[in-house]
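Close look at the chain arrangement
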Amino acid sequence: MSEIGEFGLIDKIAALAEPTLSAVPELLTGIGDDCAIYCPSAELLQVATTDMLVDQVHFDLLTTPLRHLGSKAISVNVSDICAMNALPRYALISLAIPASFSVAMVEELYLGMSLAAKEYGLAIAGGDSSSSRSGLVISISMIGEVSEKELTRRSGAGPGELLCITGSLGGAAAGLKLLMREKEIMLNHIENNESYQRSVMADLMEYREAIQRQLLPLARIDIVRFFHSRALRPSSMIDISDGLSSDLQHLCRQSGVGALIDEGRIPIQSSTRLIADELQDDALTWALTGGEEYQLLFTIPREEYPAIADNKEIAVIGETTDAKEGVLLSDIYGMKIDLSSIRGFDHFSR
Ligand SMILES: [Mg+2]
């Protein structure tokens with residue numbers, strides 16, 4: 001598994017699922033985009049996604065409050081729905097719960113899910129629960145809706161279009177690094193029988209934003225609502241869950257285009273750069289390869305730029321090119337770096 005990675009595995013699974021598709025002509029797209037697309041009626045489409053969070057792979061309960069985890073589990077699914085320019089409608093939630101969990105802990109997890117669902121305007125419609133012999137597993141399936149004229153796939157970009165990103169990048173990776181450092185300090189304190197609480201509470205306040213990006217990411221449903229209000233449909237879109245480098249390559253591969261992005265235009269908050277300096281790490285690497293950002297990467301034709309120009313949450317980071325140009329980053333010295341040489345976030349190769 002570590003040899004072929006998550007995307008190699010998806011290719012193999014997609015080949016095995018392929019023969020099942022012909023029985024259901026209403027299924028317009030199966031594996032290969034942020035969501036599957038199902039067409040129950042002429043105008044309104046359903047999009048469906050599922051996402052699993054596994055203890056010690058996706059989260060660590062030592063550094064993750066259960067309410068935050070519940071909220072994040074909802075948000076990561078909503079983010080895939082948003083990547084189709086769709087709005088979430090309902091979710092089915094399955095939990096595998098370790099014996100060490102109390103009822104109050106499960107309630108706390110569900111409270112986070114419920115609060116997030118309310119925020120996004122979606123219903124928790126059902127699910128399943130089981131005991132777990134190892135850690136907590138949260139699996140959520142989510143259905144969204146979109147009109148046919150608003151549906152946005154990964155595959156619609158043409159060459160010479162603007163590449164845009166929402167929000168800023170690198171913050172979630174910064175938060176993760178801080179939490180890992182904090183966990184180490186905490187474990188050391190426990191080993192030495194020292195009081196942990198006081199030092200940490202004071203320390204972490206200044207990193208609040210980065211930690212929040214990691215523990216409590218928000219799906220960009222505000223951007224989808226903005227697109228709908230402007231009757232603007234991006235030509236292609238994907239959410240950044242594996243890192244800008246990796247997700248940009250997915251979008252380019254699906255659209256059959258290349259890309260040239262400009263390092264100087266990638267939005268990275270100064271607080272993220274400060275944390276990178278402090279941890280002797282590199283904020284650009286975090287922005288390119290850090291997972292779990294849940295921002296939206298999309299393309300629009302140049303002439304539609306005025307429709308997004310006033311939205312401060314959207315930055316143009318480059319443009320699409322011919323596929324033969326490859327997917328490139330122009331660094332601050334003008335050197336062109338092939339992004340296919342930079343690996344994104346992959347659970348199977350950690
Ligand atoms: Mg996605």
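Residues numbered from 1 in each chain as written. Predicted model: local features only at pLDDT ≥ 70, side-chain atom pairs only at ≥ 80, totals over all residues. Heavy atoms only, no water.

1. Some points on the pairing of strand 11 (residues 314-322)
- As defined by bridge partners, strand 7 (residues 162-166) adjoins strand 11 across five bridges and the pair is classed as antiparallel. If you follow Thr 166 over to strand 11, its bridge partner there is Ile 314.
- Where strand 9 (residues 257-262) and strand 11 come together, five bridges link them in antiparallel fashion. Bridged to Ala 259 within strand 11 is Thr 320. (Pairing = 2+ DSSP bridges. Helix = DSSP H or I, 4+ residues; strand = E, 2+ residues; numbered from the N terminus.)

2. Comments concerning helix 9 (residues 270-278)
- Three or more residues of helix 9 are buried, namely Thr 272, Ile 275 and Ala 276. One side of helix 9 carries all its buried residues, which in axial view fall inside an arc of 100°. In this structure, helix 9 carries Ser 270, Leu 274 and Asp 277 as exposed residues pointing more than 90 degrees from its buried face.
- If you follow the buried residues of helix 9, they end up packed against helix 4 (171-191), helix 6 (208-215) and helix 10 (283-289). (Buried < 20%, exposed > 50% of the residue type's maximum accessible area, 1.4 Å probe, protein only. Arc of directions from axis to C-beta. Contact = heavy atoms within 4.5 Å.)

3. Points about the coordination of the magnesium ion
- Listed as protein donors to the magnesium ion are Asp 34 (OD), Asp 80 (OD) and Asp 239 (OD); their distances from the metal cover 2.0 to 2.1 Å.
- Of note, the magnesium ion draws all its donor residues from one chain, in the sequence arrangement D-x45-D-x158-D. Residue Asp 34 is located in the loop between strand 1 (27-29) and strand 2 (36-38), and its partner Asp 239 is located in strand 8 (residues 236-239); the two are separated by 205 residues in the primary sequence. Residues Asp 34 and Asp 239 agree in their burial class; the two are buried. (Donors = N, O, S within 2.8 Å, 3.2 Å for Na, K, Ca; no water.)

4. Thoughts on the domain arrangement of the protein
- What the domain assignment reports for the protein is domain 1 (32-147) and domain 2 (162-176 + 213-349).
- Carbon and sulfur atoms supply 57% of the area that domain 1 and domain 2 bury against each other, a total of about 1,900 Å² over both sides.
- The largest contributions to the domain 1 side of the interface with domain 2 come from Lys 72, Asn 85 and Tyr 120, which together make up 30% of the buried area.
- Here domain 1 is connected to domain 2 by one salt bridge.
- With a closest N to O distance of 3.1 Å, Lys 72 and Glu 292 form a salt bridge.
- Applying the counting rule to domain 1 against domain 2 returns seven residue pairs in polar contact (both at pLDDT 80 or more). (Domains from an automatic or database assignment. Buried area = accessible area lost by both parts, 1.4 Å probe. Salt bridge = Lys/Arg side-chain N within 4 Å of Asp/Glu carboxyl O. Polar contact = N/O pair within 3.5 Å; in protein donor to acceptor, adjacent residues only side chain to side chain.)

5. Focus on the environment of Leu 92
- Mapped onto the elements, Leu 92 comes out in strand 4 (residues 87-98).
- For the pair formed by Leu 92 and Ala 172, sequence separation is 80 residues and the distance between their alpha carbons is 26 Å.
- When near neighbours in sequence (up to four residues on either side) are disregarded, Leu 92 contacts Ala 125, Gly 126, Gly 127, Ser 139, Ile 140 and Ser 141.

6. Section: the packing of helix 4 against helix 6
- Contact pair helix 4 / helix 6: the axes reach a minimum separation of 7 Å and the direction vectors enclose 100°. Here helix 4 lies roughly perpendicular to helix 6, going by the angle between them. Together, Gly 171, Ala 172, Ala 174, Gly 175, Leu 176, Leu 178 and Leu 179 of helix 4 and Ala 210, Ile 211, Arg 213, Gln 214 and Leu 215 of helix 6 make up the contact between the two elements.
- For the contact of helix 4 with helix 6, the residue count by class is eight nonpolar, three polar and one charged. (Axes fitted to C-alpha atoms, helices over the stretch in contact; angles between N-to-C directions. Parallel < 35°, antiparallel > 145°, perpendicular 65-115°, else oblique. Nonpolar A, V, L, I, M, F, W, Y, C, P; charged D, E, K, R; others polar.)

7. Considerations on the packing of aromatic side chains
- Per the stated rule, a full pass over the model turns up two aromatic pairs.
- Consider the rings of Phe 226 and Phe 227, whose centres lie 6.1 Å apart with planes at 50°: the pair is tilted. For the pair Phe 226 and Phe 227, one class covers both residues: buried.
- Ring geometry for Phe 227 and Phe 298: centres 5.0 Å apart, planes at 80°, overall edge-to-face. Taken together, the residues span a long stretch of sequence, with Phe 227 in helix 7 (residues 221-229) and Phe 298 in strand 10 (residues 296-300) at a distance of 71 residues. For the pair shown, Phe 227 and Phe 298 are each scored as buried. (Phe/Tyr/Trp six-rings, centres within 6.5 Å; stacked < 30°, edge-to-face > 60°.)

8. Points about a nonpolar patch on the surface
- A surface patch of nonpolar side chains, amounting to about 240 Å² of accessible area, comprises Ile 10, Ile 13 and Ile 31.
- Looking at the secondary structure, you find Ile 13 in helix 1 (residues 5-21). (Patch = residues over 30% accessible without salt bridge, like charges linked within 9 Å, V, L, I, M, F, W, Y side chains within 5 Å. Areas by Shrake-Rupley, 256 points an atom, 1.4 Å probe, with all protein chains shown as cover.)

9. Regarding the nonpolar core
- Of all hydrophobic cores here, the largest spans 51 residues; its most connected members are Val 47, Ile 74, Ile 138 and Ile 140.
- In terms of residue count, helix 2 (residues 66-82) provides more of this core than any other element does, seven residues in total.
- Residues from two domains meet in this core; each of domain 1 (32-147) and domain 2 (162-176 + 213-349) gives at least three.
- Apart from residues no more than four positions distant in its own chain, Ile 138 is found in contact with Asp 51, Met 52, Leu 53, Leu 69, Ala 73, Ser 94, Leu 95, Leu 109 and Met 113.
- Counting residues in each nonpolar core, the second largest holds 36 residues, with Ala 210, Leu 248, Ala 283 and Ala 287 among its members. (Core = buried A, V, L, I, M, F, W, Y, C linked by side-chain atoms within 4.5 Å.)

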